[in-house]
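In case you want the letters, here they are:
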Amino acid sequence: MNPRVPAAGDDKRLNQVFDVEPGAHDPLADLAAAAGASIDERLHAPRRRRARATAYAWLLLAIVAGVTGTSALSVSDGFTRALPIAVLAVAYLVCFLALTRALQVIAVGIAYAIWSGIGITLVTLIGWHAFDQKLHAGQLAGIALILVGVVVIQLFSRTRGGE
């Protein structure tokens, strides 16, 4: 059996057959449209989750690179040591490239709040651990509030406008 080769006008006729407008004349069309929208939503949801997860991975890379650059800045002795300056330059370049990629999915305010809040916390902890910088109760409370702020932002930014 040879399959029939479609004629030039077949596409138009097929579209007319399958293009059913919802309305009172065909209640099943409304049901089909609703089912199609539901199926479409379920088919595209994993892609959006992957895009969001990838954006947060880029944001994490931006945070780590920014913290690395800031730590290198601390040991550069006022831009007099070549290796820390090179590390700083590469780290900040990676940081801002990764942040740019994250901003393709995450809203700039949310991304910046997370990036700066976690970055401040990590730089402070590195300063305390690696450079013997002292932290007082007020400073620790401030850092705790920053972390609480990042958590609150994450909890309440699940709408499309927030990401």
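The shown structure was predicted, so the numbers you read here are calculated from the model rather than taken from an experiment. (Residues numbered from 1 in each chain as written. Predicted model: local features only at pLDDT ≥ 70, side-chain atom pairs only at ≥ 80, totals over all residues. Heavy atoms only, no water.)

Chemist: What is the right way to read the overall build of the protein from this model?
Modeler: A count of helices and strands for the protein gives five helices and zero strands. Secondary structure elements of the protein, listed N to C terminal, follow the sequence α-α-α-α-α. Burial statistics for the protein: of 163 residues in total, 23% are counted as buried. Element-wise, carbon and sulfur atoms account for 69% of the exposed surface of the protein, whose accessible area totals about 11,500 Å². (Helix = DSSP H or I, 4+ residues; strand = E, 2+ residues; numbered from the N terminus. Buried < 20%, exposed > 50% of the residue type's maximum accessible area, 1.4 Å probe, protein only. Areas by Shrake-Rupley, 256 points an atom, 1.4 Å probe, with all protein chains shown as cover.)

Chemist: Help me understand the pattern of salt bridges in this model?
Modeler: A side chain with one charge can pair with a side chain of the opposite charge if their charged atoms come near. Using the criterion set out here, one finds one salt bridge in the structure. Notably, a salt bridge pairs aspartate 77 with arginine 81, separated by 4.0 Å at the nearest N-O pair. By relative accessible area, which is 40% here, arginine 81 ends up partly exposed. (Salt bridge = Lys/Arg side-chain N within 4 Å of Asp/Glu carboxyl O.)

Chemist: I keep staring at the nonpolar core and nothing clicks. Help me out?
Modeler: The tendency in soluble globular proteins is for nonpolar side chains to be buried as a group. If you look at the biggest cluster of nonpolar residues, it comprises 17 residues, and the most contacted ones within it are Tyr56, Leu59, Ala62, Ile63, Ile106, Ile114 and Trp115. Contributing elements (two or more residues each) for this core: helix 2 (27–74), helix 3 (82–102) and helix 4 (108–130). With seven residues, the top contributor of residues to this core is helix 2. In this structure, alanine 62 is in contact with Cys95, Ala98, Leu99 and Trp115, ignoring residues within four places of it in sequence. (Core = buried A, V, L, I, M, F, W, Y, C linked by side-chain atoms within 4.5 Å. Contact = heavy atoms within 4.5 Å.)

Chemist: Would you explain unusual backbone geometry in this entry?
Modeler: Of all residues except glycine, most have a negative phi; of all peptide bonds, most are trans. Backbone geometry places phenylalanine 79, a non-glycine residue, at a positive phi of 60°. Inspection of the secondary structure puts phenylalanine 79 in the loop between helix 2 and helix 3. Its identity is not glycine, yet aspartate 132 carries a phi of approximately 55°, on the positive side. Checked against the element boundaries, aspartate 132 lands in the loop between helix 4 and helix 5 (137–155).

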